[in-house]
Amino acid sequence: MNINEAQTLQRLAGIIESRKQANGGDPATSYVARLFVKGDDAILKKIGEEATETVMAAKDARVSGDASKLLYECADLWFHSMIMLAQFDLTPQDVVNELARREGISGIEEKAARKDEFRDHDEANQSE
């Protein structure tokens, strides 16, 4: 990711953060502020809708060879994912950091490690 791309994500994350009611966001004039006011479930529902639309656009692109709608839908999914991140006080940089942490780790090994971690966590909670 180059500096301009990172700056675009940072700027957009800042705008999204400014739409929270605590930061003066007005649901009467802002779609993002409206989502924040509706809460987690509304944001998560929107993520599901956008994910489904992205999958459908990818299938269409596979047949038509035109990926323009896929790009559009993927941008929507990223945007709404950024709203979700902000809802949980996370940033795009947190995601980049997590991806960097995983870099060079086999996906199979990383997934197995997560399963072990969750199992250990569940066993610890059951013994309490």
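In what follows, the accompanying structure is described. (Residues numbered from 1 in each chain as written. Predicted model: local features only at pLDDT ≥ 70, side-chain atom pairs only at ≥ 80, totals over all residues. Heavy atoms only, no water.)

1. Some thoughts on the overall build of the chain
Okay, so step 1: Secondary structure assignment for the chain yields six helices and zero strands.
Okay, so step 2: In terms of its C-alpha atoms, the chain occupies a principal-axis envelope of roughly 50 × 45 × 30 Å.
Okay, so step 3: Counting only residues that meet the buried cut, the chain has 20% of its 128 residues in that class.
Okay, so step 4: In the chain, of all internal contacts separated by at least 6 residues, the share reaching a separation of at least 24 is 50%.
Okay, so step 5: Taken as a whole, the chain presents about 9200 Å² of accessible surface, with 56% of it coming from carbon and sulfur.
Okay, so step 6: Taking the average location of the 16 positive side-chain charges in the chain and that of its 24 negative ones, the two points are 5 Å from each other. (Helix = DSSP H or I, 4+ residues; strand = E, 2+ residues; numbered from the N terminus. Buried < 20%, exposed > 50% of the residue type's maximum accessible area, 1.4 Å probe, protein only. Contact = heavy atoms within 4.5 Å. Areas by Shrake-Rupley, 256 points an atom, 1.4 Å probe, with all protein chains shown as cover. Lys, Arg positive; Asp, Glu negative; His and termini not counted. Charge placed at Lys NZ, Arg CZ, Asp CG, Glu CD.)

2. Notes on the nonpolar core
Okay, so step 1: One finds L9, I16, V32, L35, F36, I43, M82, I83 and A86 forming the largest nonpolar core, which totals nine residues.
Okay, so step 2: At the level of secondary structure, the elements contributing two or more residues to this core comprise α1 (3-18), α2 (31-38) and α4 (68-87).
Okay, so step 3: Setting aside residues up to four positions removed in sequence, L35 forms contacts with A42, I43, H80 and I83. (Core = buried A, V, L, I, M, F, W, Y, C linked by side-chain atoms within 4.5 Å.)

3. With respect to a nonpolar patch on the surface
Okay, so step 1: A cluster of nonpolar side chains, L44, F88 and L90, forms an exposed patch at the surface whose accessible area comes to about 260 Å².
Okay, so step 2: With respect to the helices, strands and loops of the structure, F88 is situated in the loop between α4 and α5 (92-102).
Okay, so step 3: Relative accessible area serves as the criterion here: at 42%, F88 is assigned to the partly exposed category. (Patch = residues over 30% accessible without salt bridge, like charges linked within 9 Å, V, L, I, M, F, W, Y side chains within 5 Å. Salt bridge = Lys/Arg side-chain N within 4 Å of Asp/Glu carboxyl O.)

4. Description of the side chain of E73
Okay, so step 1: Structurally, E73 can be placed in helix α4.
Okay, so step 2: The buried charged residue E73 lacks any salt bridge, with K69 as its nearest oppositely charged partner at 4.7 Å.

5. Re the side chain of H80
Okay, so step 1: Relative to the helices and strands, H80 is located in helix α4.
Okay, so step 2: Excluding its chain neighbours within four sequence positions, the residues that come into contact with H80 are Y31, L35, I43, K46, I47 and E50.

6. Describing the pattern of salt bridges
Pairing is possible between side chains of opposite charge, provided their charged atoms come close.
Okay, so step 1: Using the criterion set out here, one finds six salt bridges in the structure.
Okay, so step 2: As a salt-bridge pair, D89 and K20 come within 3.0 Å of each other at their nearest N and O atoms. With D89 in the loop between α4 and α5 and K20 in the loop between α1 and α2, this residue pair connects regions lying 69 residues apart in the sequence.
Okay, so step 3: By relative accessible area, which is 13% here, K20 ends up buried.

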